Structure formats: C-alpha cells, structure tokens
Amino acid sequence: MAVKKLCESYSKSFRGEVQRWGCMKQTGVSLRYMMEFGSRPTEKNLLISAQFLHKELPIRIARRAIELESLPYGLSEKPAVLEVRDWYLDSFRDLRAFPEIKDKNDELEFTQMIKMIKVRHNNVVPTMALGVQQLKKGMNAKIVYEDLDEIHQFLDRFYMSRIGIRMLIGQHVELHNPNPAPDCVGYIHTKMSPVEVARSASEDARSICLREYGSAPDISIYGDPNFTFPYVPTHLHLMVFELVKNSLRAVQERSMDSDKVALPVRIIVADGIEDVTIKVSDEGGGIPRSGLSKIFTYLYSTAKNPLDEQSDIGSSGGLTMAGYGYGLPISRLYARYFGGDLQIISMEGYGTDAYLHLSRLGDSQEPLP
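What comes next is a walk through the structure. For every chain, the first residue of the written sequence is number 1, and numbering continues from 1 onward in sequence order. The model is predicted, so local features are restricted to residues of pLDDT at least 70 and side-chain atom pairs to those at 80 or more, both for listing and for counting; the totals for chains, interfaces and linings are taken over all residues. Just so you know, side-chain values use all the structure's heavy atoms and leave hydrogens and water out.

**Looking at the overall build of the protein**
This is how the line gets drawn: A helix here means a DSSP run of H or I that spans at least four residues, while a strand means a run of E at least two residues long, and both kinds are numbered starting from the N terminus. Throughout this description, buried means an accessible area under 20% of the type-specific maximum (1.4 Å probe, protein chains only), exposed means over 50%, and partly exposed covers the range between. For this analysis, residues touch if any pair of their heavy atoms sits within 4.5 Å. Surface accessibility in these figures is a Shrake-Rupley result with a 1.4 Å probe; residues are shielded only by whichever protein chains are displayed.
Helices and strands together make up the secondary structure of the protein, namely twelve helices and eight strands. Across the 369 residues that make up the protein, the buried fraction comes to 49%. Across the protein, contacts joining residues at least 24 apart in sequence account for 78% of those joining residues at least 6 apart. Summed over all atoms, the accessible surface of the protein reaches about 17,400 Å², with 51% contributed by carbon and sulfur.

Here is the structure:
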C-alpha cells in the first residue's frame, strides 16, 4: 500500500479536523471507576460508555496521528511509521464519520466498529519496532542510542496511549459478553490471584525457553495463592511473562557456558496495604552497570532481532518479543498505567531482581500522554 505525507494524501478539511481534535482535553479513568461502572452493564450504562468513547477515542487517536507526523531524525518518513500513521488516520475518520449514538442499535453498531479498530491496530508494536529498525540501519553507528531522548519519550507516550485506547475499547466490548467469567467485569478480574497469574505466565515463558534451548531452569513461586485483588489479568500476565522470560534466558545461557547446574528462577508475591509487589529473581549473571541505563530504551536489546529475519510482521505470532528491545519498557508502561511501576536491580556476576509494583487501591487515573 502506497503511503504519502499527510499533506499530500488527505484533504485540508480532514487535516484541520485532526488538528482540532488533537488539541482537545483527554479524560482519564481509573481501574476502580471502570470496575464500578462496568459492574452494571445495563442498556443505559452501555449507551453512556459508547457516547463517552465516541468523543474520547478521536481525541486520543488524533494526538498520536499528529505526533507520528513530526518525529525527529526522519523517523516519520520511514515506511513502517507511515503505515502506522495511516491506521490511526483511518480509525480517526471512522470514528468521526459515525453519527451521534442515540439508542441501543447505534450502540451495538458502534461497538462492532471499535472492535474492528482494535483489530486494525493489532500489529502497531512490531510495525513501529520495524520503523525504528529502519531508522537505526540508516544512522551513524557512533550515535549513542540512549541519547536519542526525543524518540524514547515519544515511544513512551505513544505506547502508553495505545495501552489506554485498547483498554477502553476492550473493556467496552467485553461488557457485552453474555457469559462473563466469574468475578470478571470486562477485562478486570475483581478477585485476581497474582500467584495464579504468575504461575500461568511462568509456564508460558518456560515453554518458550524449552522450545528455544531444549531445556529450561525450574521456577519457584512463593506467596499465598488465595490472596486476590482487582486487576487486569492479561496485563499482569504480559509483565510477568516478560520478566520470567528474560530471567530464564539469562540463567539458561549462563549454565550453557559453564558446568554449573541452572539455578531456579524465584518469584515472590507480597501483598502490602498499598501495593502488591512481585519480585522475579535470578542468578543469571546480572547486567553490567553500563547496560542498566539502556534496558528501558527502545533501541537496545541483547537478543538477536527477529525483524532482521522476517519481513512479514503479520506472521510473527507475537508470543515472544525478545529482540525488539521492547519487552521491558512496555512492561513498565503497563505497570504505570494503573499506578504501579517496574524496577530492575542487578548485580553483575551474580544475577538480577525485577520488582513489579502494582497499585492495590485501583484509584489512580490513567497517565494520559
């Protein structure tokens, strides 16, 4: 598909509308609000939710489309980035073309449309990663990647916004599920066991390690499996999966280089009054201090880049992000989305501890970029 600059391929009036909506104020919501509002998915509430999204989504999408036009170092001109920008503009156009939502039929039609928008944006992360790769290939090798602050800050804003957009759409769509799982309100599990989610994510990470290396270190999980709190299990699964996968890779590769037995990766779940903290601890040799500043950037990875080996992003499966250099920074954004955080502490020559903090209170507003 041919992609052109915004001024060449879109009318002046459409460009003006994107600019106008991109200047409007965004409205953040909290986990607690989503949970309380969604606990009564009546026809009236679904109508209110759709009307809110009808106004909110174009604002968030327009902001990202505008930013995609003005990225530094020529990143906006890369074919993959132009493709992502066109997805955002198409979604903005679809939302603005949809008439005012007045009744149940309008609401159901709108829900189908935003479902399609969510699908359209499924491959945004690998496609943007490809755009950054295209940029890196043309750059002077002497440029220090962590010095490219503008790009890192843009990608943080861009991916944080994407998490929010997908959460809002997914939550609204899921409220239409006639047979929701017990204790679930849309995407939110009101009685989620972090130990159980950690176990499931660990098994997925371990199976990938087995597939890639032929063996995998053991994983020990400590914590009360009966402890629960309200959270989004898919978000937690993604974060723990990423942390455990990194630990397994470090331990496995260290044990292959020596005669030592691979030591288990330890996961500890602690329930505090304000935070639930999950610690993923390994003895995989750690990260040198010179590398610690790079682990949350989008232009760094110690693994081989999968985008160098395949051009068809749609076939990448998406189960492993090793090599994009995106796993840790995006996991930290997921943690921060609902008021948590992710910290990495490492001892070179020994191992790494990752601390995933999740807000137990659920009352922090979305951080809106």
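**Some details on the sheet that holds strand β1 (residues 184-185)**
Backbone hydrogen bonds are what pair the strands of a sheet, in a parallel or an antiparallel way. The following threshold applies: Two strands qualify as a pair provided that DSSP identifies no fewer than 2 bridges between them.
Reading across from one edge, β1-β2-β4 is the order of the three strands in this open sheet, with antiparallel pairing throughout. Looking at strand neighbours, the two that pair on one side only are β1 and β4 (229-231), the edges of this open sheet. The pairing of strand β2 (residues 188-192) with β4 spans two bridges and is antiparallel. The partner of M192 across the bridge, within β4, is F229.

**Topic: the nonpolar core**
Definition in use: Here the nonpolar core consists of buried residues drawn from Ala, Val, Leu, Ile, Met, Phe, Trp, Tyr and Cys, with membership extended through side-chain atoms lying within 4.5 Å.
Ranked by size, the top nonpolar core spans 97 residues in total, and within it M128, Y159, L236 and L356 carry the most contacts. Looking at which element gives the most residues to this core, the answer is helix α8 (residues 149-174), with twelve residues. Residues in contact with M128, not counting those within four places in the same chain, are L68, V81, V84, F154, L155, F158, Y159 and Y326.

**Some remarks on helix α2 (residues 12-22)**
The criterion, for reference: Note: the arc covers the axis-to-C-beta directions of the helix.
Every buried residue belonging to α2 is among F14, V18, W21 and G22, and all of these are buried. Summarising the axial view, the buried residues of α2 lie within an arc of 105 degrees, below the 170-degree limit, and thus occupy one face. Turned more than 90 degrees from where α2 packs its buried face, K12 and S13 sit exposed.

**Things to note about the sheet that holds strand β6 (residues 275-282)**
What counts, and what does not: Angles run from 0 to 180 degrees between N-to-C directions of axes, and those axes are lines fitted to C-alpha atoms, restricted for helices to the stretch in contact.
Pairing within the open sheet is mixed, and its five strands lie in the order β3-β5-β6-β8-β7. The sheet is open, and its two borders are formed by β3 (219-222) and β7 (341-347), each paired with just one other strand. Going from strand to strand, the sheet's axes swing by 15 degrees on average, the running direction of each strand aside. Where strand β5 (residues 265-271) lies against β6, six bridges are found, and the strand directions are antiparallel. Its bridge partner lying in β6, A270 is registered against T277. Helix α12 (residues 327-337) rests against β7 and β8 (351-359) of the sheet, and its axis sits at about 135 degrees to β7.

**A word on the packing of aromatic side chains**
The condition that has to hold: Two aromatic rings, drawn from Phe, Tyr or Trp (for Trp, its six-membered ring), form a pair once their centres lie within 6.5 Å of each other, and the interplanar angle then sorts them: stacked below 30 degrees, edge-to-face above 60, tilted otherwise.
For the structure shown, the criterion picks out 13 aromatic pairs. One aromatic cluster is present, built from ring pairs that chain together Y88, F154, F158, Y159, Y298 and Y326.

**Focus on the environment of L31**
In this fold, L31 is placed in helix α3 (residues 31-38). A residue is classified by how much of its surface remains accessible, and L31, at 3% relative accessible area, is buried. On a C-alpha basis, the gap between L31 and F338 in space is 6.7 Å, while along the polypeptide they are 307 residues apart. Sequence-distant contacts of L31, that is, excluding residues within four places in its chain, are made with I188, P230, Y231, V232, F338, G362 and S364.

**A few points about the packing of helix α4 (residues 43-69) against helix α5 (residues 79-97)**
Our working definition: Should an angle lie under 35 degrees it is considered roughly parallel, over 145 roughly antiparallel, and from 65 to 115 roughly perpendicular; all remaining angles are considered oblique. The handedness criterion is simple: a crossing whose near helix is rotated anticlockwise from the far helix by less than a right angle is left-handed, and one whose near helix is rotated clockwise is right-handed. By the convention adopted, Pro, Cys, Tyr, Trp, Phe, Met, Ile, Leu, Val and Ala count as nonpolar, Lys, Arg, Asp and Glu as charged, and the other residues, Gly among them, as polar.
Following both chains from N to C, one finds α4 and α5 inclined at 155 degrees, their axes separated by 9 Å at the closest point. In this view, α4 runs roughly antiparallel relative to α5, as classed from their interaxial angle. In this structure, α4 meets α5 at a crossing whose hand is left-handed. Residues H54, L57, P58, I61, A62, R64, A65, L68 and E69 of α4 form the contact with α5, whose own contacting residues are V81, V84, R85, Y88, L89, S91, F92, L95 and R96. When grouped by side-chain class, the residues that make up the contact of α4 with α5 number twelve nonpolar, two polar and four charged.

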